[in-house]
Structures are given as structure tokens and as C-alpha cells.
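Listed below are the residues making up each chain.
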Amino acid sequence: MFDSINVIGSGRVGSALSARLAERGVALREDADLVLLCVPDAAIPRVAAAIEPGPWLAHVSGATPLRALDPHVRRFSVHPLQTFTRARGPEQLDGAYAAVTAEGDDGRERGWWLARTLGLEPFMLADEARPLYHAGAAVASNYLVTLHRVAAELFGAAGAPPAGLVPLMRRTIDNDFELTGPIERGDWETVDAHRRAIRSAAPDLEPLYDVLAEATAR
């Protein structure tokens, strides 16, 4: 659908997308049919306003509404639902989902095409649903990092190797997040023992443990 794309931004996402598009035979050049913004969210309105209207314009942000692309009307967004690192290449896109947002059939078709070309599984997302969607993505990805660091801190205080947490976390995902452990068994004595131990070794983490235990119990 697009023979050429101008990718603006060469960060973790932009570099992975550029490499995948090159793999798929899409020409990467400045005078392209589509300008794809892979810049920080705060920079999207400024960069979009500096582009002469004409080609299609899209961004890859999960939280930024389409109005950030004003004054362009031929616009859409494709957000790869994935976390990226510079240590890996376009294979990071394989198997991930992508939220496509557009204001008409033409834009939806182009967004769907771009997602598929990148190796992503697209789904439609309403523009007004972005904050809630992005909050869910942040909980799943960003807060996983927080949970690992908190668990590693407790392991360190107990004299256990934090590296042992990674296989446990991976197996939980592989098991489709099947809940096990004391809360699933209704073993509240063990949960109270957790609280006492945390209160003694890392008291600042007790409120977080309580919130997570309550959410897990529900």
C-alpha cells in the first residue's frame, strides 16, 4: 500500500521499525508516501506541524491522540504493543500486537497494512480509549520491572540469589498466569508471616505488598 516510508526518529522503536521495513522491501526515503513519526510523545505535535501537508502521516505512540498530528488530515497511528531494546533488532516485532487508530476507512486500511508489514497482529483502538489502554500496557510492562526489583530486594535481604526469580517469572507467564501460592490456597497465616518479615527487613515495601495481596485475593 505504501511503496516508500520516511521514518523520523532512530531510537529503540524507530530503528527496529526501519530495519523491518527494509527487510520487507519498503523504500526508506524522505520524499515518501508515508511519514512515520517515531519521536518522543512530547515532540509529536512540533514535528508534525513542521511537515508540509501532502503525504500520509502516522505516529507510533500508544498514549498520544491523533489530534497531535494537526493540521494533517490524512493520518493514523500504529502502536506496537511491545517493549524495545537497542540490543535486539526487528525480530522484537514478531508476534507482538499493535493498536491501530484512524478516523476513516482509508486510514484504518493503511494502519492495518503497516502493522501487518511490520509483523504485528493489529487490532482497532478508539482514540478516546488511549489513556486506559496505555495504562494497561504500563502495568504489564513497566510495573513488571518494579515487581522484579522489589522481589530482588527481598531476596537480597534473605540471602537468596535474585537471579532465581527470572525462571519463576517466565514460568508464570508460560503457565498462562495461573495463580499459585498462599493466597490461592487461602493460607493467610503465611501471608501474615510475609507481612511481619517485610515489616522487619524492608518496612517501606509493606504497603505495596498489602495492595498487591488485596488485589490478588480479589
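Each remark here, short or long, concerns the structure printed above.
Quick caveat, the model's predicted, so the values are computed rather than measured. (Residues numbered from 1 in each chain as written. Predicted model: local features only at pLDDT ≥ 70, side-chain atom pairs only at ≥ 80, totals over all residues. Heavy atoms only, no water.)

Across its full length, the protein chain carries 8 helices and 7 strands. Against the 2.2 N^0.38 benchmark of 17 Å for 218 residues, the protein chain shows a C-alpha radius of gyration of 22 Å, more extended than a compact globule. Principal axes of the C-alpha set define a box for the protein chain whose edges measure 65 × 30 × 30 Å. In the protein chain, which comprises 218 residues, the share counted as buried stands at 37%. Long-range contacts, defined here as pairs at least 24 residues apart, represent 51% of the contacts in the protein chain between residues at least 6 apart. (Helix = DSSP H or I, 4+ residues; strand = E, 2+ residues; numbered from the N terminus. Rg over C-alpha atoms; globule rule 2.2 N^0.38 Å. Buried < 20%, exposed > 50% of the residue type's maximum accessible area, 1.4 Å probe, protein only. Contact = heavy atoms within 4.5 Å.)

Scanning the entire structure with this criterion turns up 4 aromatic pairs. Here the aromatic cluster, defined as three or more aromatic residues joined through ring pairs, consists of F2, W56, F76 and W113. (Phe/Tyr/Trp six-rings, centres within 6.5 Å; stacked < 30°, edge-to-face > 60°.)

Turning next to the packing of helix α4 (residues 130-158) against helix α5 (residues 165-174). Contact pair α4 / α5: the axes reach a minimum separation of 11 Å and the direction vectors enclose 140°. Between α4 and α5, the angle falls in the class oblique. Two packed elements cross with a definite hand, and for α4 against α5 that hand is right-handed. Residue-level contacts link L144, H148, A151, A152 and F155 of α4 to L165, V166 and M169 of α5. When the residues that make up the contact of α4 with α5 are grouped by side-chain class, the tally is 7 nonpolar, 1 polar and no charged. (Axes fitted to C-alpha atoms, helices over the stretch in contact; angles between N-to-C directions. Parallel < 35°, antiparallel > 145°, perpendicular 65-115°, else oblique. Left-handed = near helix turned anticlockwise from the far one by under 90°. Nonpolar A, V, L, I, M, F, W, Y, C, P; charged D, E, K, R; others polar.)

Moving on, we get to the side chain of H59. If you trace the backbone, H59 turns up in strand β4 (residues 56-59). Judged by its relative accessible area of 0%, H59 falls in the buried class.

Next up on the list: a nonpolar patch on the surface. Taken together, the side chains of L144, L147, I173, F177, L208 and L212 make up a nonpolar region of the molecular surface, amounting to roughly 520 Å² of accessible area. Broken down by secondary-structure element, the contributors of at least two residues to the nonpolar patch are α4 and α8 (206-217). In this structure, L147 sits in helix α4. (Patch = residues over 30% accessible without salt bridge, like charges linked within 9 Å, V, L, I, M, F, W, Y side chains within 5 Å. Areas by Shrake-Rupley, 256 points an atom, 1.4 Å probe, with all protein chains shown as cover. Salt bridge = Lys/Arg side-chain N within 4 Å of Asp/Glu carboxyl O.)

Further remarks concern the nonpolar core. In this structure, I5, L34, L36, F76 and L114 are the most contacted members of the largest nonpolar core, which totals 25 residues. The set of elements that each furnish at least two residues to this core consists of β1 (4-8), α1 (12-23), β3 (34-37), β4, β5 (75-81), β6 (97-102) and α3 (105-117). In this structure, V35, V47, A48 and A68 belong to the second largest nonpolar core, which totals 12 residues. (Core = buried A, V, L, I, M, F, W, Y, C linked by side-chain atoms within 4.5 Å.)

This part covers the environment of D3. In this fold, D3 is placed in the segment before β1. Exposure remark for D3: the relative accessible area of 63% places this residue in the exposed category. In this structure, the C-alpha to C-alpha distance between D3 and H134, residues 131 residues apart in sequence, is 30 Å. When sequence neighbours within four positions are dropped, the list of residues in contact with D3 reads V26, A27 and D33.

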